[in-house]
Amino acid sequence: MRRFLPHPLLALFLLSAWLLLMESISPGAVVLGGVLAVGGSWTLASLASPRARLRRLTVLPGLLGDVLVEVMRSNYAVARIIVHPADGGVRRSGFIYIPLDMRAPYGLAALACILTATPGTVWVDYDSAEGTMLLHVLDLVDEAEWVHIVKERWERRLMEIFE
Amino acid sequence: MTHAAELPAWAALSVAVLLLLGAGLALVGAVGLLRLGSFYERVHAPTLATTLGIGCVLVASMLFFSLVQSRFILHEVLIAVLVVITTPVTLMLLTRAALYRDRIEGKAPVPPPPRSHR
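Everything quoted here is computed from the prediction, not taken from an experiment. (Residues numbered from 1 in each chain as written. Chains lettered and ligands numbered in written order. Predicted model: local features only at pLDDT ≥ 70, side-chain atom pairs only at ≥ 80, totals over all residues. Heavy atoms only, no water.)

This part takes up the overall build of chain B. Scanning chain B from terminus to terminus reveals four helices and zero strands. Tracing chain B from N to C terminus, the helices and strands come up as α-α-α-α. Counting across all 118 residues of chain B, residues that qualify as buried make up 34%. In chain B, the proportion of contacts linking residues at least 24 apart, taken out of those at least 6 apart, comes to 53%. For chain B, the computed accessible surface area is about 7200 Å², with 73% contributed by carbon and sulfur atoms. Averaging the locations of the 9 positively and 5 negatively charged side chains of chain B gives two centres separated by 14 Å. (Helix = DSSP H or I, 4+ residues; strand = E, 2+ residues; numbered from the N terminus. Buried < 20%, exposed > 50% of the residue type's maximum accessible area, 1.4 Å probe, protein only. Contact = heavy atoms within 4.5 Å. Areas by Shrake-Rupley, 256 points an atom, 1.4 Å probe, with all protein chains shown as cover. Lys, Arg positive; Asp, Glu negative; His and termini not counted. Charge placed at Lys NZ, Arg CZ, Asp CG, Glu CD.)

As structure tokens, then:
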């Protein structure tokens, strides 16, 4: 199985992307999409990228829901900062180092996607030797609070999924 | 857009509101790109357009074409997934390049590199 399909998750993603684009689940579309999916996962295998392993998918719906809420909340917060820059006195932006326990590469990638998808935070740098991530926050009120948010709200559940 | 007039009022209204909201967020993001102070602050502004901004436009598009063609149109989900996966790459590339230069030039107040790199 592994030799035939080295990256099953990627193959599944490619197949569903293809079916979405074709807007049909006719046998022809499924066969062509299947060929593309298997070919794509072979290509990725020849690039020697690490394999993704998903463990507990039960936390995924809750996580996605929280991400959606957080995206809306932080969109509003950042839009308010831009439209009314003087509101709430002096605003301070800055960098913080966040020590991460997660080492799974796809988990880290997912965390980067979440932090970038919530406006106001940008993943800047990651040091794999120490496992520290450098984050830039637009409205930095309390550094300890941000470390807590990243670790408790996102990292813990991503570790449950990816490690 | 020949069939747009056939849409029921509630659908036309929600499509219009979603489109305006998405366009408004993209505009606010562009204004932020002009207004905010430093490079690291400006990099936050366009993410308004790439998250909720594009999200609203995509939902409006799904709603509109699903109703006009009276079947589910789900292409837009793919656009959303690809945008979410690819924006961090661009942002990281830009901010890391800026950070690298600022550390070498020693101009802007940026954090020092982690210990293992020194």
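Further notes follow.
For helix H4 (residues 105-117) of chain A, spanning 13 residues, the distance from its first C-alpha to its last is 18 Å, which sits close to the expected 18 Å at 1.5 Å a residue. With ten of 13 residues buried, H4 of chain A is to be regarded as a mostly interior element. In this fold, the buried residues of H4 of chain A make contact with helix H3 (60-83), strand S2 (121-127), strand S3 (132-137) and helix H5 (143-162) of chain A together with helix H3 (47-68) and helix H4 (75-105) of chain B. (Expected span 1.5 Å × (residues − 1).)

Residues and elements named next belong to chain B. The UniProt entry lists residues 12-36, 48-67 and 73-94 under the feature "transmembrane region" (unreviewed entry), expressed in the numbering used here. A distance of 28 Å separates the end C-alpha atoms of residues 48-67, which is 100% helix and 0% strand. In residues 73-94, helix accounts for 91% and strand for 0%; the two terminal C-alpha atoms are 35 Å from one another. (UniProt positions renumbered as here; feature names shortened; annotations may be inferred.)

This brings us to the interface of chain B and chain A. Listed as interface residues are 43 residues of chain B and, on the opposing side, 35 residues of chain A. Summed over both sides, the interface between chain B and chain A buries roughly 3200 Å², with carbon and sulfur atoms accounting for 69% of that surface. Considering only the surface of chain B that becomes buried against chain A, His44, His75 and Leu78 of chain B emerge as the three largest contributors, covering 18% of it. Counting across the chain B and chain A interface gives two salt bridges. For Asp125 of chain A, the salt bridge identified is with Arg103 of chain B, shortest N-O distance 4.0 Å. Counting across the chain B and chain A interface gives eight residue pairs in polar contact (both at pLDDT 80 or more). Within the side of chain B that touches chain A, the residues separate by chemical class into 28 nonpolar, nine polar and six charged. (Buried area = accessible area lost by both parts, 1.4 Å probe. Salt bridge = Lys/Arg side-chain N within 4 Å of Asp/Glu carboxyl O. Polar contact = N/O pair within 3.5 Å; in protein donor to acceptor, adjacent residues only side chain to side chain. Nonpolar A, V, L, I, M, F, W, Y, C, P; charged D, E, K, R; others polar.)

All names here are of chain A. Enumeration over the complete set of coordinates arrives at ten salt bridges over all chains. Residue Arg56 is joined to Glu160 by a salt bridge in which the shortest nitrogen-to-oxygen separation is 3.2 Å. Note that Arg56 is positioned in the loop between helix H2 (27-46) and H3 and Glu160 in helix H5, a separation of 104 residues in sequence. Take Arg56: its relative accessible area is 43%, and that puts it in the partly exposed class.

So, about the nonpolar core. Counting 33 residues, the largest nonpolar core has Leu100, Leu111, Trp123 and Met133 of chain A as its most contacted members. Every element with two or more residues in this core is listed here: H3, strand S1 (94-99), H4, S2, S3 and H5 of chain A together with H3 of chain B. In contact with Leu100 of chain A, not counting residues within four places along its chain, are Leu108, Leu111, Trp123, Tyr126, Gly131, Met133, Val150, Lys151 and Glu155 of chain A. Membership of the second largest hydrophobic core comes to ten residues, among which are Tyr40, Val43, Leu91 and Leu99 of chain B. (Core = buried A, V, L, I, M, F, W, Y, C linked by side-chain atoms within 4.5 Å.)

Spatially, S1-S3-S2 (chain A) is the arrangement adopted by the three strands of the open sheet, whose pairing is antiparallel. With partners counted over all chains shown, the strands left at the sheet margins are S1 and S2 of chain A, one partner each. Pairwise comparison of adjacent strand axes, ignoring direction, gives a mean angle of 25° for this sheet. Along the sheet, H5 of chain A contacts S1, S2 and S3 of chain A; its crossing angle with S1 of chain A, the most-contacted strand, is approximately 50°. Contacting S1, S2 and S3 of chain A, H4 of chain B runs over the sheet at an angle of about 65° to S2 of chain A. (Pairing = 2+ DSSP bridges. Axes fitted to C-alpha atoms, helices over the stretch in contact; angles between N-to-C directions.)

In this section: the packing of aromatic side chains. Going through the model one piece at a time under the given rule, you end up with four aromatic pairs over all chains. Between Phe95 of chain A and Tyr40 of chain B, the aromatic rings sit 4.9 Å apart at their centres with planes inclined by 75°, giving edge-to-face as the arrangement. On the criterion of chain membership, the pair formed by Phe95 of chain A in strand S1 and Tyr40 of chain B in helix H2 (residues 39-42) is interchain, its members lying in two chains. Here Phe95 of chain A matches Tyr40 of chain B in class, with each residue buried. Between the aromatic rings of Phe39 of chain B and Tyr40 of chain B, the centroid separation amounts to 5.7 Å while the plane-to-plane angle is 85°, which identifies the pairing as edge-to-face. (Phe/Tyr/Trp six-rings, centres within 6.5 Å; stacked < 30°, edge-to-face > 60°.)

For the rest of this paragraph, the subject is a nonpolar patch on the surface. Residues and elements named next belong to chain A. On the surface, Leu9, Leu54, Leu57, Leu60 and Leu64 cluster together into a nonpolar patch covering about 400 Å² of accessible area. Mapping Leu60 onto the fold places it in helix H3. Judged by its relative accessible area of 30%, Leu60 falls in the partly exposed class. (Patch = residues over 30% accessible without salt bridge, like charges linked within 9 Å, V, L, I, M, F, W, Y side chains within 5 Å.)

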